[in-house]
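Working through the structure, step by step
Read off the chains here:
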Amino acid sequence: MWFQTLAWILCVIYSTIPAFWLLIHPHAEYWRSRPQSPYKILLPLWIVMWIVTAAITAPWRKVLLFENKWTWIPAALLFCAGLILYKLSHAHFSLEQLSGLPEIGRGHNDQRLITTGIRARIRHPIYLAHLCEMLAWSLGTGLAVCLALTAWAIVTGAIMIKMEDRELEKRFGEEFRQYQSTVPALVPRVKL
């Protein structure tokens, strides 16, 4: 029972990540122009998103679509894939970049587009890692709420990726357009 509650809480948090970034990417210039750290506003808003999402989904947090201990095998593989993607995403990428400071922080003029490592294969490995983790919890627990929150994260994530790509194109111009034309957003190309 506690494990299902943990899965629900983690899916609540993960499902709000794209919505959090939707607050940032379309308004990056506004956030950069503020004298104080934008996170003084953005982090409390994100916590409100958690609370609202939890309140909306709480009635369904125990509804099982299926229950099968064998689903934990592919779930474990998804967890591992997510953790590997997180590790690979951190290489060549600073904590400031991971936290979004170049998008919204003042004085972040020394920016460069990272196209090496995992980002030579996919443009948004962190979002793919989030998706792997959410799918793992959904598959492992069989909770309807985790599957619904994963679906919500996919929809908002697709919108957010488009907005982030627009913001990156503004910052990096032709360099980003070339990168975008050769490297897929989430699913790496497989050469046979």
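Cut-offs applied
Each chain carries its own residue numbering, running from 1 in the written order of its sequence. With pLDDT at 70 or above as the cut-off, local features in this predicted model cover only qualifying residues; side-chain atom pairs require 80 or more to be listed or tallied, and sums for whole chains, interfaces and linings still use all residues. The side-chain values count all of the structure's non-hydrogen atoms but skip hydrogen atoms and water molecules. Here a helix means four or more residues in a row that DSSP labels H or I, a strand means two or more in a row labelled E, and each is numbered from the N terminus. We compute the radius of gyration from the C-alpha atoms alone; for a globule the expected value is 2.2 Å times N to the 0.38, where N is the number of residues. Cavity means a closed set of points on a 1 Å grid over the protein atoms alone, one where a 1.4 Å probe fits but cannot get out, pocket means an open set with protein on both sides within 12 Å along at least 5 of 7 lines, and lining means a residue has an atom within 4 Å of a point. Grid points are joined across faces, edges and corners, and a volume is the space filled by probe spheres set on the points. Any N or O atom pair separated by 3.5 Å or less is treated as a polar contact, with the protein-specific requirement of one donor-capable and one acceptor-capable atom, and with residues adjacent in sequence counted only for side-chain atom pairs. Contact definition: two residues touch when any of their heavy atoms are within 4.5 Å. Only buried Ala, Val, Leu, Ile, Met, Phe, Trp, Tyr and Cys residues count toward a nonpolar core, and they belong to the same one when joined by side-chain atoms within 4.5 Å. Burial here depends on accessible area, computed with a 1.4 Å probe over protein chains only, as a share of the maximum for the residue type. Under 20% is buried, over 50% is exposed, and the range in between is partly exposed. For Phe, Tyr and Trp, where Trp contributes only its six-membered ring, two rings pair if their centres lie within 6.5 Å, and the inter-plane angle classes them as stacked under 30 degrees, edge-to-face over 60, or tilted in between. Note on geometry: a ring has a charge over it if NZ (lysine) or CZ (arginine) is within 6 Å of the ring centre and within 35 degrees of the ring normal. Here the axes come from fitting lines to C-alpha atoms, over the contacting stretch only for helices, and the angles between their N-to-C directions go from 0 to 180 degrees. Note on angle classes: values under 35 degrees are labelled roughly parallel, values over 145 roughly antiparallel, values of 65 to 115 roughly perpendicular, and the remainder oblique. Gly is put with the polar residues, along with every residue not named as nonpolar or charged; the nonpolar set is Ala, Val, Leu, Ile, Met, Phe, Trp, Tyr, Cys and Pro, and the charged set is Asp, Glu, Lys and Arg.

A short note on the overall build of the protein
Counting its secondary structure elements, the protein contains ten helices and zero strands. The order of α-helices and β-strands along the protein, N terminus first, is α-α-α-α-α-α-α-α-α-α. Taking 2.2 N^0.38 as the reference for a compact globule, 192 residues should give roughly 16 Å; the C-alpha atoms of the protein span a radius of gyration of 18 Å, in line with that estimate. In terms of principal-axis extent, the alpha carbons of the protein reach across some 50 × 45 × 25 Å.

What about the layout of surface pockets?
As a volume, the second largest pocket reaches approximately 280 Å³. Lining the second largest pocket are 16 residues; nearest its centre among them are Y127, A153, G157, I161 and L186. Every element with two or more residues in the lining of the second largest pocket is listed here: α2 (17-24), α8 (125-141) and α9 (144-172). Among the elements that take part in the lining of the second largest pocket, α9 stands out by supplying seven residues, more than any other.

Let's talk about the side chain of T141
Of note, T141 is situated in helix α8. Separated by 3.2 Å, the side chain of T141 and the backbone nitrogen of L143 make a polar contact. If we ignore the near neighbours within four places in the chain, the residues touching T141 are Q4, A7, L64, F66, W72 and C146.

So, the nonpolar core
Proteins that are soluble and globular tend to have nonpolar side chains buried together. Counting 29 residues, the largest nonpolar core has F20, W21, L42 and L149 as the members making the most contacts within it. Contributions of two or more residues to this core are made by α1 (2-15), α2, α4 (39-57), α5 (72-90), α8 and α9. Top element by residues in this core is α9. It accounts for six residues. Once residues within four sequence positions are removed from consideration, F20 is found in contact with Y39, L42, L43, W46 and M49.

Some details on the packing of aromatic side chains
Geometrically, a pair of aromatic rings is defined through the distance of the ring centres and the angle of the planes. Taken as a whole and assessed by the stated rule, the structure comprises ten aromatic pairs. Stacked on the ring of W8, the Lys or Arg R61 has its end atom at 5.4 Å from the ring centre.

Quick look at the side chain of Q4
Its place among the elements puts Q4 in helix α1. Residues contacting Q4, with those up to four places away along its chain left out, are L64, T141 and L143.

Structural notes on the packing of α8 against α9
Packing of α8 against α9 brings their axes to within 9 Å, and their N-to-C directions diverge by 170°. The orientation of α8 relative to α9 falls into the category roughly antiparallel. Facing Y127, L131, M134, L135, S138 and T141 of α8, the residues of α9 in contact are C146, L147, L149, T150, A153, I154, M160, I161 and E164. Residue classes in the contact of α8 with α9 are distributed as eleven nonpolar, three polar and one charged.

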